[in-house]
Amino acid sequence: MQNIFEIENSVRNQTQIGDKSFHSWYQFVLGYPPHLVRYYIYKFGINSGHLVLDPFCGTGTTNLECKKLNIDSLGLEANPVVYFASRVKTDWNISTSELRQAFREVIATASSSLDKYGLSEDVSLFVQPNKGKPLSAEPTLSKDQRAVLPKDFISPKPLRRVLILKECIEQVNDDKIPDLFLLALANLVVNHAGNVAFGPEIYTTNPQKDVHILDFFYKLVDRMICDLDSQPAIAGTAEIVYGDARRVSDCFPTHLSEVNFVITSPPYPNEKDYTRTTRLESVILGLVSSKQSLRTLKEQLLRSNSRNIFVTDNDQDYVKSFDSINRIAREIEEKRIHLKKTSGFEKMYHKIVKHYFGGMYRHFQTLKPLLSPESRLAYVVGDQMSFFRTHIPTAKILGEIAESLGYKVEEIELWRTRLATATKIQIEENVLILRT
Ligand SMILES: C[S@@+](CC[C@H](N)C(=O)[O-])C[C@H]1O[C@@H](n2cnc3c(N)ncnc32)[C@H](O)[C@@H]1O
């Protein structure tokens, strides 16, 4: 087993070169690296007779590592675009010869459509000059879609190119192939066509006036096909479900008492709007299409920032009796009053903490029916200082909550330290290890 703690702290959370296959189809800044999952697979002695669950599966890192090691897994995710990514990344049952054929057709129609709308790109270096039938009308974003896409996230010309490519992809008549191309498109808009970067918060870069896309798209899909062609002869199954981890047993009604291990990383209470991190690709793929659909998405997420708190929320009711949580919430509110901070967002800070831990209480509670006797769980969580520099020892408090529900805290293992953006102080990211 690789000793992951020997990796330099500053790069410990990065995907290693040899781990790119399948993972790199689409990754995001909130993900943890494959070697962390592998470490717990070996530490816990997980093998192909076991079932692993990641209830906050994000881009499917846990599920992919399990699959590669012939271990069956379940994944749950409430953000549609990352749910889509983990589902596509873990479905390897696809004919690569049909994929190659469809790929050539998409490039051909996209190339002639770009020509037709005055956006020509030279594709002769990587495909036969074979022209397809161009689109009859140029696609655009609707007014509702534009209302939820920050204007500076992508410049007008690259956006036109991307929408044309998307429409050509959607013309492919197959139940799986278009999804794979759409995932490549999601990767392309974030890492090539858009004006965004992550540090770790999403920010806008200098606007690119124009950028050709077909070459980048070609390389992405080519790599995906190579990964599929070199998949291991035997791989685990991965069942990925769209849903809310605060009602996790409802999401897997056929797996009661079957889950042996959990390896996961829930959100942390940190004032980051997770839906903004994935907004560009969510809108382009049509998975967030209006203010209403954005709100519906936010309502499904664990409360962790002031942009996803709603008047009807009551998750805090589950943790009323926890002194540690009440103390932190009180300290945050007292600091706000002392600092004379009066914005609506700041007034919500103390509530976020209560709703966050209340949501996690509900998660641990609804998880129990899924767990087999003697199961072990690893929760990767960061301490936080986002709310007027009040220290929130996330792993410790989650341990208290879990204990109150009958879990045993086995250990809290330091994974790495991170520089807190607001305070420039190194704070801990830990792995809370529980057993039933
Ligand atoms: C820290 S990220 C997990 C990243 C993942 N380990 C990876 O490598 O990609 C937390 C994930 O939890 C998801 N999430 C937030 N609230 C959720 C909920 N109530 N139910 C399910 N997933 C949720 C977020 O959308 C996000 O993708």
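The structure reproduced in this document is the subject of the present report. (Residues numbered from 1 in each chain as written. Predicted model: local features only at pLDDT ≥ 70, side-chain atom pairs only at ≥ 80, totals over all residues. Heavy atoms only, no water.)

1. Overview of the overall build of the protein
Point 1. If you tally the helices and strands in the protein, you get 15 helices and 9 strands.
Point 2. At 22 Å, the protein has a C-alpha radius of gyration in line with the 22 Å of a compact globule built from 436 residues.
Point 3. For the protein, the spread of C-alpha atoms along the three principal axes comes to 70 × 55 × 40 Å.
Point 4. Among the 436 residues that make up the protein, the fraction classed as buried is 58%.
Point 5. Within the protein, contacts between residues separated by at least 24 positions form 75% of all contacts whose residues are at least 6 apart in sequence.
Point 6. Carbon and sulfur atoms make up 49% of the accessible area of the protein, which totals about 18800 Å².
Point 7. Of the side chains in the protein, 54 bear a positive and 52 a negative charge, and the two mean positions are spaced by 6 Å. (Helix = DSSP H or I, 4+ residues; strand = E, 2+ residues; numbered from the N terminus. Rg over C-alpha atoms; globule rule 2.2 N^0.38 Å. Buried < 20%, exposed > 50% of the residue type's maximum accessible area, 1.4 Å probe, protein only. Contact = heavy atoms within 4.5 Å. Areas by Shrake-Rupley, 256 points an atom, 1.4 Å probe, with all protein chains shown as cover. Lys, Arg positive; Asp, Glu negative; His and termini not counted. Charge placed at Lys NZ, Arg CZ, Asp CG, Glu CD.)

2. What to know about the nonpolar core
Point 1. One finds V162, L165, L180, F181 and F217 to be the most contacted residues of the largest nonpolar core, which totals 70 residues.
Point 2. Looking at this core, the elements with two or more residues in it are α3 (80–89), α4 (96–116), α6 (156–170), α7 (177–193), α8 (214–229), α11 (279–284) and α12 (291–300).
Point 3. Among the elements that take part in this core, α7 stands out by supplying 12 residues, more than any other.
Point 4. A domain-level breakdown of this core finds at least three residues from each of domain 1 (4–92 + 236–435) and domain 2 (96–219). (Core = buried A, V, L, I, M, F, W, Y, C linked by side-chain atoms within 4.5 Å. Domains from an automatic or database assignment.)

3. Description of the side chain of D19
Point 1. Following the sequence through the fold, D19 ends up in the segment before α1 (34–43).
Point 2. Excluding residues within four positions of it along the chain, D19 makes contact with P34, H35, R38 and K68.

4. Observations concerning the site of the ligand
Point 1. Every one of the 22 residues lining the ligand counts as a neighbour, but T59, T61, E77, D244 and A245 are closest to it.
Point 2. Here T61 contributes a side-chain N or O atom positioned 2.6 Å from an oxygen atom of the ligand.
Point 3. In the model, a nitrogen atom of the ligand is placed 2.9 Å from a nitrogen or oxygen of the D244 side chain.
Point 4. Surface burial for the ligand is 98%, taken as the share of its 610 Å² of free accessible area covered by protein chains. (Near = heavy atom within 4 Å. Polar contact = N/O pair within 3.5 Å; in protein donor to acceptor, adjacent residues only side chain to side chain.)

5. Comments concerning the sheet that holds strand β9 (residues 426–435)
Point 1. Across the sheet, 7 strands lie side by side as β5-β2-β1-β6-β7-β9-β8; this open sheet has mixed pairing. This sheet does not close on itself; its edge strands, each paired only once, are β5 (238–242) and β8 (408–419). Averaged over all neighbouring strand pairs, the angle between strand axes comes to 15 degrees, with direction disregarded.
Point 2. As defined by bridge partners, strand β1 (residues 51–54) adjoins strand β2 (residues 72–77) across 4 bridges and the pair is classed as parallel. Within β2, the residue paired with L51 across the bridge is D72.
Point 3. Strands β1, β6 (259–264), β7 (371–382) and β9 of the sheet are contacted by helix α14 (residues 344–367), whose axis makes an angle of about 160 degrees with β7.
Point 4. Lying over the sheet, helix α15 (residues 394–404) contacts β7, β8 and β9, oriented at roughly 20 degrees with respect to β9. (Pairing = 2+ DSSP bridges. Axes fitted to C-alpha atoms, helices over the stretch in contact; angles between N-to-C directions.)

6. Notes on the pattern of salt bridges
Point 1. Applying the stated rule across the entire model yields 28 salt bridges.
Point 2. For E410, the salt bridge goes to R435, with nearest N and O atoms at 2.7 Å. With E410 in strand β8 and R435 in strand β9, this pair connects stretches of sequence that are 25 residues apart.
Point 3. Residue E410 is classed as partly exposed on the basis of its relative accessible area, which comes to 28%.
Point 4. For E429, the salt bridge identified is with R416, shortest N-O distance 2.5 Å. In this pair, E429 sits in strand β9 while R416 sits in strand β8, placing the two residues 13 residues apart along the sequence.
Point 5. Look at the salt bridges and you will find they share partners, linking D244, R246, R247, D315 and R362 into a network. (Salt bridge = Lys/Arg side-chain N within 4 Å of Asp/Glu carboxyl O.)

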